[in-house]
Amino acid sequence: MILATLPDTARLWIFPAEQPLSPSEAAHIPGALASFLESWTSHGRPVPAQAAVLHDRFLLVGAHIEDDTLNAGVSGCGIDAMMHAVQSVGEAIGVAWSDGLQVAYEGSDSTIHVVPRRAFRMLARDGSVDGTTPVFLTTLDTVGALRDGGLRQRAALTWHGRVFRLAETA
């Protein structure tokens, strides 16, 4: 099970790499983040967290502070610290992370592409992608949502289908 030490209610952040990760990069990244995650705090409280890489392209960081804890959840400063750690690990090995305005999808050749939304819209208009095209939901925000539907889904079943008018085709 992905991020097995965390409950379904844990917060999730997904960082798509601009380029595919080599097997050694994909294996290295969670370990490189481990020391930060083990010492991560938010307003002085430990943040139980875990990282994983999926599809040799997506870094996932999950974290959970119990709901019954005062100021439950990870603070903005805590999130900033995690973002800095992710950025630092990427810079150390030459990996750049895509911003949230990109669309990640799987092409007909099974290659994962990360493109600006405008480019994805053009692909939808010319029929290069359709409702059956696998897309990656980098906007998932809980570990439970990841476990329920997965990171990779058919476009017609996601916000991509609504925004880019991608109907399910036969």
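Shown above is the structure to which this text applies.
Scoring rules and cut-offs
Residues numbered from 1 in each chain as written. Predicted model: local features only at pLDDT ≥ 70, side-chain atom pairs only at ≥ 80, totals over all residues. Heavy atoms only, no water. Pairing = 2+ DSSP bridges. Helix = DSSP H or I, 4+ residues; strand = E, 2+ residues; numbered from the N terminus. Axes fitted to C-alpha atoms, helices over the stretch in contact; angles between N-to-C directions. Contact = heavy atoms within 4.5 Å. Salt bridge = Lys/Arg side-chain N within 4 Å of Asp/Glu carboxyl O. Buried < 20%, exposed > 50% of the residue type's maximum accessible area, 1.4 Å probe, protein only.

**Focus: the sheet that holds strand 7 (residues 112–116)**
Strand order in the open sheet formed by 4 strands is 7-6-8-9, and the pairing between neighbours is antiparallel. The sheet is open, and its two edges are formed by strand 7 and strand 9 (152–154), each paired on a single side. Averaged over all pairs of adjacent strands, the angle between their axes in this sheet comes to 35 degrees, without regard to strand direction. When strand 6 (residues 102–106) meets strand 8 (residues 134–136), the two strands line up antiparallel, connected through 2 bridges. Each residue of the ladder has a partner; that of Ala-104, found in strand 8, is Phe-136. Here helix 3 (residues 117–125) sits on the sheet in contact with strand 6, strand 7 and strand 8, set at roughly 110 degrees to strand 7.

**Things to note about the pattern of salt bridges**
The tally for this structure, following the rule as stated, stands at 2 salt bridges. Between Arg-147 and Asp-8 there is a salt bridge, with the nearest N and O atoms lying 2.6 Å from each other. Here Arg-147 is found in helix 4 (residues 143–149), whereas its partner Asp-8 is found in the segment before strand 1 (11–16), with 139 residues between them in sequence. Its relative accessible area of 41% is what places Asp-8 among the partly exposed residues. Here Arg-152 ties to Glu-106 by a salt bridge, and the two come within 2.8 Å at their closest N and O atoms. With Arg-152 in strand 9 and Glu-106 in strand 6, this residue pair connects regions lying 46 residues apart in the sequence.

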